[in-house]
Amino acid sequence: MKRLGNIFSFTFIQHVKQKGYRNGTIIIAFLCVLLPAVILPAMEYFKEDESYESRIAKVYVIEKDDRTKGRTDYEVLNTVDPNRFSDIAYEMSKSVEEAAEKAEEDETSVLLVIDWKESGYQLDVLLPEETELNKKDTDAYEAFLLNNFRYILMQKSDLGGTQIAELTMPIETVVRDSGVPAEESDEYAAAKGILARVLPYLNIMVLYFMILAYGQGTANAVITEKTSKLMDLFLVSVKPGEMLLGKVFATAASGILQIFAWIGSLFGGFALGIHFTKMVNPGTDMVLIQLVDSFGEFSGMFTASGVVLALLMLASGLLLYCSLAAIGGALAEKPEDLSSTNMLFVMVLIVSFFTTLYAGGTSADVPWDAITWQVWMPFTAILVAPTKILLGAMSIPEAVGSLGIVVASATLITMFAGKIYKSMSLYKGNPPSPKKIIEMMRR
């Protein structure tokens, strides 16, 4: 393995210098910075202003439900929110026509029609023909009614004042994990809940497409010398195992470099987007920004060892699949053969992908015991273990053990691919059968 470093550096530099690799990395990194930096402030700028103060001064109420007519005091709605709709005059009317005639005399009045349907109450807020109000005023009042109509329903149910007070009393619930201290459970529960739903899918989808792309690139790199007629020259100075191992490491390293470049750009894009959003509205209540702002308080949620192990798992997982793809490249004599020789790589990737999706690997609600086997299987561990390590669902010994299995599997597969590469170095003809490959390796 004396020339492994030379092969690695040469292949890595040649791969990184490719126009497609360089342009793809730069363009996607630029988009990772640009899109969050533009979309987040745009969403804040164009979102509807929920604090809009409606100009409605009077509401004419028409009840079409004969069962409760005349038994409701709508003035109670003025006490619900001291900042909005707290000074509205309510007047009962017998019909829409009568209410419309009265509302046209006052240009800041609307009609509220309440009807009973089989599915429940239906509320309609209507504007008279002659009015100073607009749809924005009625939309704000309609949203207010939908959130607070329960106070009207309580009156219709003939409940007493004490009963109504009990029904409207706020309720606080706290879910604690018996294995986690109470203060830690409360402090990190919200952030962990969101990350536990986002990170698994993000990890699986990104890795799936990266592995698919770089696996194919590894297979193509392995058969380069066969197609360029340089095999005889290389076999004199370089061992086949050295050549294949150097190419696999170089291709995996270029993929890891690209992933980290995109992740860094994405973080930079979100940082810019959050900064610009706060320039648009310093008091923004955007959920994403509130979550990011809370990371300072949740600094203890991620441990340094967990982050390092998760990154090592990502890198070793990409190496594992690249080494598997190298088998297809070692078996192929020309690029056209990869469609058949690389079938093992494709099938393992697809099966692992759907296994993690449908066997609970992405769900935060699935018990840990139900997915333990996935982190001990090398081809599914790469898709499941990184997020489990980050979120603390795996202990450090478990993470190290899973990482060791992935690294050992990648080493064994690379050695096996090297033996196949050596046996197939001067082979001519169609890809051999598995039985013939074993016979060739025994010689």
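Residues numbered from 1 in each chain as written. Predicted model: local features only at pLDDT ≥ 70, side-chain atom pairs only at ≥ 80, totals over all residues. Heavy atoms only, no water.

Draft legend 1. Spatial organisation of the side chain of Ser109. As for its placement among the helices and strands, Ser109 is situated in strand E3 (residues 109-117). A polar contact is formed between the side chain of Ser109 and the side chain of Asp106, at a distance of 3.4 Å. (Helix = DSSP H or I, 4+ residues; strand = E, 2+ residues; numbered from the N terminus. Polar contact = N/O pair within 3.5 Å; in protein donor to acceptor, adjacent residues only side chain to side chain.)

Draft legend 2. Spatial organisation of the nonpolar core. Ranked by size, the top nonpolar core spans 52 residues in total, and within it Ile211, Leu244, Tyr321, Ile327, Phe345, Ile382 and Ile389 carry the most contacts. At the level of elements, helix H2 (19-46), helix H7 (182-222), helix H10 (240-280), helix H12 (304-331), helix H14 (343-358), helix H16 (378-390) and helix H17 (396-423) are the ones that each hand at least two residues to this core. It is H12 that contributes the most residues to this core, 15 residues altogether. Apart from the residues within four sequence positions on either side, Tyr321 is in contact with Ile211, Phe345, Val348, Leu349, Ser352, Phe379 and Ile382. Formed by 20 residues, the second largest nonpolar core is a distinct cluster that contains Val59, Ile88, Tyr90 and Phe144. (Core = buried A, V, L, I, M, F, W, Y, C linked by side-chain atoms within 4.5 Å. Buried < 20%, exposed > 50% of the residue type's maximum accessible area, 1.4 Å probe, protein only. Contact = heavy atoms within 4.5 Å.)

Draft legend 3. Structural detail: the pairing of strand E4 (residues 120-126). With seven bridges connecting them, E3 and E4 associate as antiparallel partners. By the bridge assignment for E4, Leu112 is matched with Val125. Linkage of E3 to E4, two consecutive antiparallel strands, is achieved through a turn of two residues. (Pairing = 2+ DSSP bridges.)

Draft legend 4. Broad picture of the confidence of the model for the protein chain. Here the protein chain averages 76 in pLDDT, and 74% of its residues register 70 or above. Long-range and interchain partners of residues 179-187, a stretch whose pLDDT sits below 50, account for 10 contacts in this model, where long-range means more than four residues apart. Here residues 296-300 is modelled with pLDDT under 50, and outside its nearest four sequence neighbours on either side it reaches six contacts, counting other chains as well. (pLDDT = per-residue confidence, 0-100.)

Draft legend 5. Molecular detail of the packing of aromatic side chains. Summed over the entire model, instances satisfying the criterion amount to eight aromatic pairs. Taken together, the aromatic side chains of Phe85, Tyr141 and Phe144 make up a single cluster linked through ring pairs. (Phe/Tyr/Trp six-rings, centres within 6.5 Å; stacked < 30°, edge-to-face > 60°.)

Draft legend 6. Examining the sheet that holds strand E1 (residues 58-63) more closely. Taken together, four strands build an open sheet; the order of strands is E2-E1-E3-E4 and the sheet is mixed. Bordering the open sheet on either side are strand E2 (89-92) and E4, each of which pairs with just one other strand. Neighbour to neighbour, the strand axes of the sheet diverge by 25° on average, direction disregarded. Pairing between E1 and E3: six bridges, direction parallel. (Axes fitted to C-alpha atoms, helices over the stretch in contact; angles between N-to-C directions.)

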